[in-house]
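What follows is each chain in one-letter form.
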Amino acid sequence: AALGLRGALENLQPPRAVKVTVLGTPAEEEGGGKVDLLQAGAFQGMNAVFMAHPGQDDAAYLPDVAVHDVTVKYYGKSSHAAAYPWEGVNALDAAILAYNNVSVLRQQMKPTWRVHGIIKNGGIKPNIIPSYAELEFYLRASSRKDLLVLQEKVYACFKSAAEATGCQVDLSSTGHDYDNVLPNKTLARAYQENGKKLGMQFTTNDMVLNSLSGSTDFGNVSFAVPGIHPY
């Protein structure tokens, strides 16, 4: 794409001074490589940025949402589950309560909120009260502002589970929060018009175009530099 663009620019009359940069951006799924690059100044001086993503349909824009990841660790106390259960503090109980707390919260969640998670560690043997349990969750919302509201509610679910069971809880995030992708209608329209000239067939399916998509660290870039993230 960059070589083709350079060729087109070289044939313009009169010539125009345009710089084309191909920027490798690793660690999109976990870590937020583009956020690190953004903070390091890699996007300074750029007038527009473009990133394409594989998809089942061609679309100039899909609503990628903001995301926050959280690892929840509960610390209790081991004990023999048959002989001395009253001596233990059950970390697995805390994890189960936390999971169920989030499930109960779903009735009050907005349609644009998403919360999904797993229990990564729940003990070693049935006759040992688990002293450690771990969950991993992703929280998603249509904007960073909304994500902060959702995060506060979900964190309350995690903390109350620790309070109820007597466990200690540790909440941590493995990387950067991702912003939603900021739509740029002008660039998206130009992309679609030129794509049609090349034979691309863009979807008109409202379910595809309006349903929540995934999340990407390109969202953070889109708030700093005008850009598009077509599929």
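Residues numbered from 1 in each chain as written. Predicted model: local features only at pLDDT ≥ 70, side-chain atom pairs only at ≥ 80, totals over all residues. Heavy atoms only, no water.

**Section: helix α3 (residues 91-105)**
Residues that lie three or four places apart on an α-helix share one face, since the helix turns once every 3.6 residues. The terminal C-alpha atoms of α3 lie 21 Å apart, and with 15 residues this matches the ideal 21 Å at 1.5 Å per residue to within 8%. All of the buried residues along α3 are Ala91, Ala94, Ala95, Ala98, Val102 and Leu105. Axial view of α3: buried residues confined to an arc of 100°, hence all on one face. Contacts from the buried residues of α3 go to β2 (66-75), β3 (114-121), β4 (132-141) and α4 (144-165). Backbone nitrogen of Leu92 and a side-chain oxygen of the N-cap are separated by 2.9 Å at the start of α3; the cap is Asn90. (Helix = DSSP H or I, 4+ residues; strand = E, 2+ residues; numbered from the N terminus. Expected span 1.5 Å × (residues − 1). Buried < 20%, exposed > 50% of the residue type's maximum accessible area, 1.4 Å probe, protein only. Arc of directions from axis to C-beta. Contact = heavy atoms within 4.5 Å. Polar contact = N/O pair within 3.5 Å; in protein donor to acceptor, adjacent residues only side chain to side chain.)

**So, the packing of aromatic side chains**
All told, the structure shown has six aromatic pairs when counted by the stated rule. Residues Tyr75 and Tyr132 carry aromatic rings whose centres are separated by 5.4 Å and whose planes lie at 50° to one another, so their mutual orientation is tilted. With a gap of 57 residues between them, Tyr75 in strand β2 and Tyr132 in strand β4 connect regions that are remote in the sequence. Ring geometry for Phe137 and Phe158: centres 5.4 Å apart, planes at 55°, overall tilted. Placement of Phe137 in strand β4 and of Phe158 in helix α4 is noted, with a sequence separation of 21 residues between them. (Phe/Tyr/Trp six-rings, centres within 6.5 Å; stacked < 30°, edge-to-face > 60°.)

**Observations concerning the pattern of salt bridges**
As enumerated under the stated definition, the model contains six salt bridges in all. Notably, a salt bridge pairs Lys34 with Asp217, separated by 2.8 Å at the nearest N-O pair. Of this pair, Lys34 sits in helix α2 (residues 33-39) while Asp217 sits in the loop between α6 (206-210) and α7 (218-222), and the two are 183 residues apart along the sequence. You can call Lys34 buried: its relative accessible area is 3%. Given a relative accessible area of 0%, Asp217 falls into the buried group. Each of the salt bridges in this network shares a partner with another, and the network as a whole consists of Lys120, Glu134 and Glu136. (Salt bridge = Lys/Arg side-chain N within 4 Å of Asp/Glu carboxyl O.)

**With respect to the domain arrangement of the chain**
Domain annotation of the chain identifies domain 1 (1-64 + 179-228) and domain 2 (70-172). Facing the seven residues of domain 1 at the interface are eight residues of domain 2. Both faces considered, domain 1 and domain 2 share a buried interface measuring about 520 Å² in area, 40% of it formed by carbon and sulfur atoms. Area buried by domain 1 at its contact with domain 2 is led by Asp179, Asn180 and Leu212, which between them contribute 68% of it. Counting every contact that joins domain 1 to domain 2 gives one salt bridge. (Domains from an automatic or database assignment. Buried area = accessible area lost by both parts, 1.4 Å probe.)

**Examining the sheet that holds β3**
Read from one edge to the other, the open sheet built from four strands follows the order β3-β4-β2-β5, with strand pairing classed as antiparallel. The open sheet has two edge strands with one neighbour each: β3 and β5 (168-172). Strand after strand, the sheet turns through a mean of 20° between neighbouring axes, direction not considered. As paired elements, β3 and β4 share seven bridges and run antiparallel to each other. Looking across to β4, one finds that Ile118 is bridged to Glu136. (Pairing = 2+ DSSP bridges. Axes fitted to C-alpha atoms, helices over the stretch in contact; angles between N-to-C directions.)

**A few points about the UniProt feature "domain: Peptidase M20 dimerisation" (unreviewed entry) in the chain**
Annotation from UniProt places "domain: Peptidase M20 dimerisation" (unreviewed entry) at residues 70-163. The span residues 70-163 shows a helical share of 37% and a strand share of 26%, and its end C-alpha atoms are spaced 19 Å apart. (UniProt positions renumbered as here; feature names shortened; annotations may be inferred.)

**Regarding the side chain of Gln151**
Looking at the element boundaries, Gln151 is found in helix α4. By relative accessible area, which is 16% here, Gln151 ends up buried. Contact partners of Gln151, with chain neighbours within four places excluded, come to His68, Leu139 and Asp177.

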